[in-house]
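The primary structure of each chain is shown beneath.
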Amino acid sequence: MKWSALHDAAQAIASIAGTPCPPLTQAIRAFPAQVRDAGEDRRLQAEQEIADLSAIMEAGLSALLAALARGSHPQAAARALWSEFVRTRDGLLHLALSPQGTARRMA
């Protein structure tokens, strides 16, 4: 459910950024099942990375919405958050699919 919620938030962020949000691919939709089947270590790592990304996305989206409410135009910040989401999501997809099970760690 967190995976789906992340993508809902990402869609809102892409909208604020003025960036097209492509439809979810089969690999993205299948991620929860793939990481579950990838083994306990990878599952635990994925859960932690999803929790980290969720925290970043929640705070970022809240800040973007607050900026919009004040009449600001936070497209640049939204683009940066969108890029971070895509990079981290792609790292998580790699975690589920790669034999090594390595994902890019978030700073």
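Each remark here, short or long, concerns the structure printed above.
Please read all numbers here as calculations on a predicted model, not as lab measurements.

A. The arrangement of the packing of aromatic side chains in detail. Scanning all chains against the criterion turns up two aromatic pairs. Residues W82 and F85 carry aromatic rings whose centres are separated by 5.8 Å and whose planes lie at 35° to one another, so their mutual orientation is tilted. Pair noted here: W82 and F85 are both in helix 4 (residues 75-97), with a separation of three residues, about one helical turn. Given a relative accessible area of 1%, F85 falls into the buried group.

B. Local environment of helix 2 (residues 26-37). In this model, helix 2 (twelve residues) spans 16 Å end to end at C-alpha, consistent with the 16 Å of a helix rising 1.5 Å per residue. Every buried residue of helix 2 is listed here: I28, A30, F31 and V35. Looking down the long axis of helix 2, one finds its buried residues gathered within 155° of arc, a one-sided arrangement. Exposed and oriented more than 90 degrees from the buried face of helix 2 are Q26, R36 and D37.

Procedures and definitions
- Residues numbered from 1 in each chain as written.
- Predicted model: local features only at pLDDT ≥ 70, side-chain atom pairs only at ≥ 80, totals over all residues.
- Heavy atoms only, no water.
- Phe/Tyr/Trp six-rings, centres within 6.5 Å; stacked < 30°, edge-to-face > 60°.
- Helix = DSSP H or I, 4+ residues; strand = E, 2+ residues; numbered from the N terminus.
- Buried < 20%, exposed > 50% of the residue type's maximum accessible area, 1.4 Å probe, protein only.
- Expected span 1.5 Å × (residues − 1).
- Arc of directions from axis to C-beta.

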